[in-house]
Structures are given as C-alpha cells and as structure tokens.
Amino acid sequence: MLKQKNKILFIVLSLTLLSMFLLNVSLGSISIPTRAIINSIVGNEIKTSWEIILWNFRLPKALTAILVGMGLSISGLMMQTLFRNPLAGPYVLGLSSGSSLGVALVIMGSSLLPSFLISSYGIVLASSIGSFLVLLAVLLVSQKLRDTMAILIVGLMFGSFTSAIVSVLSYFSTAQELQKFMFWSMGSLSNLSWTAIGILLVCVILGLMISFFTIKPLDAMLLGENYAKSLGLNFNRTRFLIIFATSILAGSITAFAGPIAFVGLAVPHLAKLLFQTSNHLILFWGTVLIGGILLLLCDSIAQLPGSDYTLPINAITSLVGAPVVIWLLVRKRKIMI
C-alpha cells in the first residue's frame, strides 16, 4: 500500500503535469487563453487562427514533450539500476551515437543519396537504422559477456567509434551540411506530424510496458547480481529486457526528436530525492510524471513567451535542470542508487 505522503505527492505531480501541459500550449508568440484550449480539446468552436495554431503546432509539440520526457526518464532509471552507476543515462549504450551516424550519413553524404532519403522521414529512418544496428551489436555482445560492467564499456566504445566516423564526415562536409547536422543534434520537439506522434506513442508505450515488467527484478538488482540470482532471478533474461526496453525508448525518441540531453540522467535522481525510496514501483510512476513535467517546463522556457524566437531544447534542459539537481544533492548530501 502507498503511504499517505506518496499518495499526496502523486496527486500533486499529476496536477502539476496537467497544469504544465495547459501552460505550455498557451504560451508562444501568440498567447491563447486556457479556457479556449479546453474548449477546443472538448470540441467547442474557438477562433480559427487559435485552432490552427493549437492543432497544427502547440498540441503536437506538448504531447511530444511528454512522451520524450517520460521515455528518457524511465530509460535513465533502468540504466542507473542495471549498471549501479548514478551517471548512467539512456544513451550510455551508444544508441545516440548510432543515430547520429545514420543522420550524418544522410545529411553529409546527401550528394550520393536519392532525394527521398534527404527528407525529414529519411532522417528519421536513418536515425532508427543507426540506433538499431548499435542495439543489435550490444545485444549480441551481451549474450557473450557475463559481466554487466563490460557491456557498459562496450556501449561506450561503440559510441566513441561512431563519433569518430561522424567527425571524419564533418571534416569533409560543407558549411550548410554541418549547420543542418548541428541543428538536428540540438534536439527539437516541434515539426512532428500527428502520424509521427502516433508512431512515437506506440514505441513509448511498448517500451514503458516492457520496463514495467522489470520492476521487481530491478529491486532485486539493488542488492547485487549474485543476490538477485540467489532469489531465482534469470539475470541474463532480465538484462536483455532492460536493454531492449531502453533501446526502444531511447532509439525511437532520438529518431523523432534528436538527442535530448540531461533528462534521462537527472529525472531518476529527482524522483529518488523527492520520494526518498528505492522501491522501483514508486520510482517508476514518479519518474514518468517528473519526466513529463520537466520537459514541458524546459520547452515552455525555450519558447521565450511573447517572442518569435525559440531556443534549442538541449540548451534549456541543461541550463534549468543541472543547477536544480546540484542544489538538491548538496542539500541532501547523499545520493540513492
């Protein structure tokens, strides 16, 4: 049973998520009243210009922020528990580097590719393939290695290898190609169609469902690999599921939104500090809610309300989140794994 304090925290976080969603949708170069947003969502008529802005731009971006925040946060929680490393994040297995290599090949090798591959869907496809190939390599290696930390090192080596290839491609690229690749690497929550959001939603739900089934094994892993095995845990199977779920979440998110920094690393720590528990059932839902809230907050700041400018989401996630986590850690003086 949930403690009364945790019930209150979940209610507060749920209401905060809803409030941040409405705030995020209302802000921008043109401010839209909350009442008009609610009326439009429930099917009532509002100003045509507001309706176009809401359904073509604001709502898709807000929903993308929630999906990205939730998916990356859960990925970070699983990676930190699996590797027993507070600095592990969703991209620690090299998935982001694989996606970057796929996108770099499309953008910087555009003169050698068919025109349809240079479109936004071509970039998504290339990112997905790059991430999948790294995932396949990591899974194959994980079947051969018993040491979990060795898998972490292999993931980092894959990341370094693909980053080196990207550097070589960058050296021979034009300024326009470099600029396009740099914009992709900054991450973006906008410009996704409803079809793309539907695909991302399916991927995130699938990844979260697999993650949910690893909750009890994750609790056992906190006491060490040998203890988990003594409880009858099939460690290799559980490790495979965790890596597979993380790959679905981080890979699909990177494909559609680019590499979003900081969220997957920081949110699990925020959840642990807020709930003061190592119970992964509580941390799972807490991390999901905080992840959605944090990315909605960062996106709201990135929009520069009242201005026509929009800052890169990666810059805001680090500028806003890093000082908060540092302050919380200094205040608590310890970190929970």
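Preceding block: the structure.
Since this is a predicted model, take the numbers as computed values, not measurements.

### Side note on the overall build of the chain
Then, number 1: Helix and strand content of the chain: 14 helices and zero strands.
Then, number 2: Ordered by position from the N terminus, the helices and strands of the chain form the series α-α-α-α-α-α-α-α-α-α-α-α-α-α.
Then, number 3: The C-alpha radius of gyration of the chain comes to 20 Å, within 12% of the 20 Å expected for a compact globule of 337 residues.
Then, number 4: Look at the contacts in the chain between residues 6 or more apart in sequence, and 76% of them connect residues 24 or more apart.
Then, number 5: Looking at the chain as shown, the accessible area adds up to about 16,400 Å², and 69% of this sits on carbon and sulfur atoms.
Then, number 6: The chain carries 20 positive and 8 negative side-chain charges, and their two centres are separated by 15 Å.

### Structural notes on helix 4 (residues 95-108)
Then, number 1: The end-to-end C-alpha distance of helix 4, which contains 14 residues, comes to 20 Å, matching closely the 20 Å that a straight helix rising 1.5 Å per residue would cover.
Then, number 2: Most of helix 4 is tucked away: 13 of the 14 residues are buried.

### Observations concerning a nonpolar patch on the surface
Then, number 1: A cluster of nonpolar side chains, contributed by L125, I129, F132, L133, L136 and L140, occupies part of the molecular surface with about 580 Å² of accessible area.
Then, number 2: One can find L125 in helix 5 (residues 120-144).
Then, number 3: With a relative accessible area of 42%, L125 lands in the partly exposed category.

### Structural notes on the pattern of salt bridges
Then, number 1: Under the criterion given, the structure shown has one salt bridge.
Then, number 2: Between D299 and K61 there is a salt bridge; the shortest N-O distance is 2.9 Å. Remark: K61 occurs in helix 3 (residues 48-82) and D299 occurs in helix 13 (residues 280-302); sequence separation between them is 238 residues.
Then, number 3: We classify D299 as buried; its relative accessible area is 4%.
Then, number 4: Residue K61 is classed as buried on the basis of its relative accessible area of 13%.

### Here's the deal with the packing of aromatic side chains
Then, number 1: Considering all chains together, one arrives at nine aromatic pairs under this definition.
Then, number 2: With a centroid separation of 5.2 Å and 85 degrees between ring planes, the pair formed by Y171 and F172 is classed as edge-to-face.
Then, number 3: By relative accessible area, which is 69% here, Y171 ends up exposed.
Then, number 4: For F172, a relative accessible area of 67% corresponds to the exposed category.
Then, number 5: Pairing F284 with W285 gives two aromatic rings, centres 5.0 Å apart and planes at 85 degrees, and the pair type is edge-to-face.
Then, number 6: Here the aromatic cluster, defined as three or more aromatic residues joined through ring pairs, consists of F212, F213, F284 and W285.

Rules behind the numbers
- Residues numbered from 1 in each chain as written.
- Predicted model: local features only at pLDDT ≥ 70, side-chain atom pairs only at ≥ 80, totals over all residues.
- Heavy atoms only, no water.
- Helix = DSSP H or I, 4+ residues; strand = E, 2+ residues; numbered from the N terminus.
- Rg over C-alpha atoms; globule rule 2.2 N^0.38 Å.
- Contact = heavy atoms within 4.5 Å.
- Areas by Shrake-Rupley, 256 points an atom, 1.4 Å probe, with all protein chains shown as cover.
- Lys, Arg positive; Asp, Glu negative; His and termini not counted.
- Charge placed at Lys NZ, Arg CZ, Asp CG, Glu CD.
- Expected span 1.5 Å × (residues − 1).
- Buried < 20%, exposed > 50% of the residue type's maximum accessible area, 1.4 Å probe, protein only.
- Patch = residues over 30% accessible without salt bridge, like charges linked within 9 Å, V, L, I, M, F, W, Y side chains within 5 Å.
- Salt bridge = Lys/Arg side-chain N within 4 Å of Asp/Glu carboxyl O.
- Phe/Tyr/Trp six-rings, centres within 6.5 Å; stacked < 30°, edge-to-face > 60°.

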